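Commentary on secondary and tertiary structure
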Amino acid sequence: MDRKQLVKVRGKSLYLDFYYQGIRQRPSLGLEDTKANRLHAERLHSAIEHEISIGTFDFAKHFPNSKKAIDLNKSSNKTITLALDEYMRSAQRQLEKSTIKGYNSAIEFYLKPNFGHIKLTDLTASDVKAWIYSLSISAKRINNVLIPLRRVFEDAYAEEIIDKNPMLRVKNLPVKTEEPHPLTPAESEAILKELPQQGKNLIQFALWSGLRTSELIALEWSDVDFKAGVVRVRRAIVNKNAKQPKTKSGERDVKLFPPSLDALLDQKQFTYSSGSRVFNNPNTNKPWETDAQIRRTLWIPALMKAGIEYRTPYQTRHTYASTLLSAGEPPMWVANQMGHKDWAMIRRVYGRWIPEVDTTAGSKIMKIWSQNGHKELVNA
């Protein structure tokens, strides 16, 4: 580009035209358009371009009275703590309460103590990677902790506070998915025998409905349609707060099989007339508040008494899926019952429990092929 094109006139005043931090800058010089002033402007432009190229350019030094200089100074001094606080204030109306609680925990316990004092413009991908390698928490937890930091830098880049986003070079850690370890019928029976009646109803229902623990504790009697033989999953309780399913497929009608129906019929004596929730904590006779309560006070003690190898309560869901698939139920139908939008998850996670639907599949076309010959079939 011709240098003269980089010194321009607005009204009667000269101004420069250059790029800094990926943003087009056009500061006024406050000088009249004269030959001498143009020569000065061209030399100033050359000096600025050189400073930008070697990383020493200071906008405020050259244009101290410019509003842009004030804005750039504020942006360049913004710390990660300030940016995180601003992000969380703006996110209050957009995020679920459980998500906000998780973000606040990540910010206060991990992000601020390690990066809070650093300016947005100074953080590098290497800083974050070195910190990640020093942590002893799980890969999944690390990925979750990084989410607010990623959001802050996405916003800073979009607002042109920074000219590059270092978090783009920080990849999420691979997370190993928990393998299905379903209970055998004998193990299920042994666990149920060690539970108090309300606990037995809960776990028996879980084994034959496939509901997530958060969905189980949110289930209300108004969700149960005995006439239609289904329960309607419409909410979950996470961190003591009710929330709607994340996806539309999460809202679903789940068929009642005899064991799950029996569990509900028995549970009626405990909670049907006293409140809206189906399942109560037998220790308090009040609705369960968290899945952790079930794991600590009901599930783990029952497994220990029954002498069953430990696995998480989520394995009741795996037991449900593997039982239905092993019996030959259509995978897509099972996916719908579990709240998946398609059966890709079913195929990936539970593939070894899906039997061949028809071992004679393909025999009909092979018969035609053998009778008519390959060429005749192709031309048919």
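Residues numbered from 1 in each chain as written. Predicted model: local features only at pLDDT ≥ 70, side-chain atom pairs only at ≥ 80, totals over all residues. Heavy atoms only, no water.

Things to note about the overall build of the protein
Selection rule: Numbered from the N terminus, helices here are DSSP runs of H or I no shorter than four residues, and strands are runs of E no shorter than two. Exposure categories follow from relative accessible area, calculated using a 1.4 Å probe and restricted to protein chains: below 20% of the type maximum is buried, above 50% is exposed, and the middle band is partly exposed. The contact criterion used is simple: two residues touch if any of their non-hydrogen atoms lie within 4.5 Å. All accessibility values rest on the Shrake-Rupley procedure with a 1.4 Å probe; residue burial counts only the protein chains present in the view.
Within the protein, the secondary structure is distributed over 17 helices and 12 strands. In the protein, buried positions account for 40% of the 380 residues. For the protein, long-range pairs separated by at least 24 residues make up 58% of all intrachain contacts whose partners lie at least 6 apart in sequence. Carbon and sulfur atoms provide 51% of the accessible area of the protein, an area that totals close to 22,200 Å².

Observations regarding the confidence of the model for the protein
To keep things clear, this is the line we draw: Every residue is assigned a pLDDT by the predictor, reflecting its confidence on a scale from 0 to 100.
Of all residues in the protein, 87% attain a pLDDT of 70 or more, and the chain-wide mean is 84. Taken element by element, the protein is modelled with least confidence in helix α17 (residues 374-378), mean pLDDT 43, and with most confidence in helix α9 (residues 197-207), mean pLDDT 96. The low-confidence segment residues 374-380, where pLDDT is below 50, has 4 contacts with residues more than four positions distant or belonging to other chains.

A short note on the sheet that holds strand β7 (residues 230-233)
Worth spelling out the cut-off: We call two strands paired when DSSP finds no fewer than two bridges between them.
The strand order across the open sheet built from 3 strands is β6-β7-β10, with neighbouring strands paired in antiparallel fashion. Only two strands of the sheet have a single partner each, and these edge strands are β6 (224-225) and β10 (252-255). Where β6 and β7 come together, 2 bridges link them in antiparallel fashion. Bridge pairing in β7 places V224 opposite V231.

Let's talk about the packing of aromatic side chains
Definition in use: Ring pairs shown here join Phe, Tyr and Trp side chains whose ring centres sit within 6.5 Å, with only the six-membered ring taken for Trp; geometry is labelled stacked below 30 degrees between planes, edge-to-face above 60, and tilted in between. Two thresholds decide whether a charge sits over a ring: the Lys NZ or Arg CZ must be within 6 Å of the ring centre and within 35 degrees of the ring normal.
Inspection of every chain in the model, using the stated rule, returns 6 aromatic pairs. Judged by centre distance (6.2 Å) and plane angle (65°), the rings of W208 and F257 are edge-to-face. Here W208, found in the loop between α9 and α10 (213-216), pairs with F257, found in the loop between β10 and α11 (258-271); they are 49 residues apart in sequence, far enough to count as distant. By relative accessible area, W208 is classed as partly exposed at 30%. Summarising the aromatic geometry, the rings of F257 and W333 are spaced 6.5 Å apart at their centres and angled 80° between planes, so their arrangement reads as edge-to-face. Separated by 76 residues along the polypeptide, F257 in the loop between β10 and α11 and W333 in helix α14 (residues 331-338) bring together distant segments of the chain. Using a relative accessible area of 14% as the deciding quantity, one classes F257 as buried. Residue classification places W333 among the partly exposed positions, given a relative accessible area of 27%. Members of the aromatic cluster, connected to one another through ring pairs, are W208, F257 and W333. Taking the ring centre of Y272 as reference, the NZ or CZ of K268 above it sits at 4.5 Å.

Some thoughts on a nonpolar patch on the surface
Note the cut-off: Any residue with relative accessible area above 30% and no salt bridge may belong to a patch, with like charges joined within 9 Å and the nonpolar Val, Leu, Ile, Met, Phe, Trp and Tyr side chains within 5 Å. Within this document, salt bridges are pairs made up of a side-chain nitrogen of Lys or Arg and a carboxyl oxygen of Asp or Glu, the two lying within 4 Å of each other.
Taken together, the side chains of F226, L265 and Y272 make up a nonpolar region of the molecular surface, amounting to roughly 280 Å² of accessible area. Classification of Y272 by relative accessible area gives partly exposed; the value is 44%.

Let's talk about helix α7 (residues 139-158)
Selection criterion: Residue count minus one, scaled by 1.5 Å, sets the expected span of a helix. The term bend refers to the angle at a residue between two fitted axes, each drawn through seven residues, those ending there and those starting there.
The first and last C-alpha atoms of α7 sit 28 Å apart over 20 residues, in line with the 28 Å expected at 1.5 Å per residue. The axis of α7 is deflected most strongly, by about 30°, at I147, and proline P148 appears within four residues downstream. Taken together, the buried positions of α7 are I142, N143, V145, L146, P148, L149, R150, V152, F153 and A156. Phi turns positive, to about 65°, at E160, one or two residues after α7.

What about the environment of Q269?
Just so we agree on the cut-off: Each polar contact in these results corresponds to two N or O atoms within 3.5 Å; when the atoms are within protein, one needs to be able to donate a hydrogen and the other to accept it, and residues that are neighboring in sequence are counted only if both atoms are side-chain atoms.
In this fold, Q269 is placed in helix α11. Through-space distance from the C-alpha of Q269 to that of Q198 is 9.7 Å; in sequence the pair is 71 residues apart. Here the side chain of Q269 touches D266 through a polar contact of 3.1 Å, landing on its backbone oxygen.

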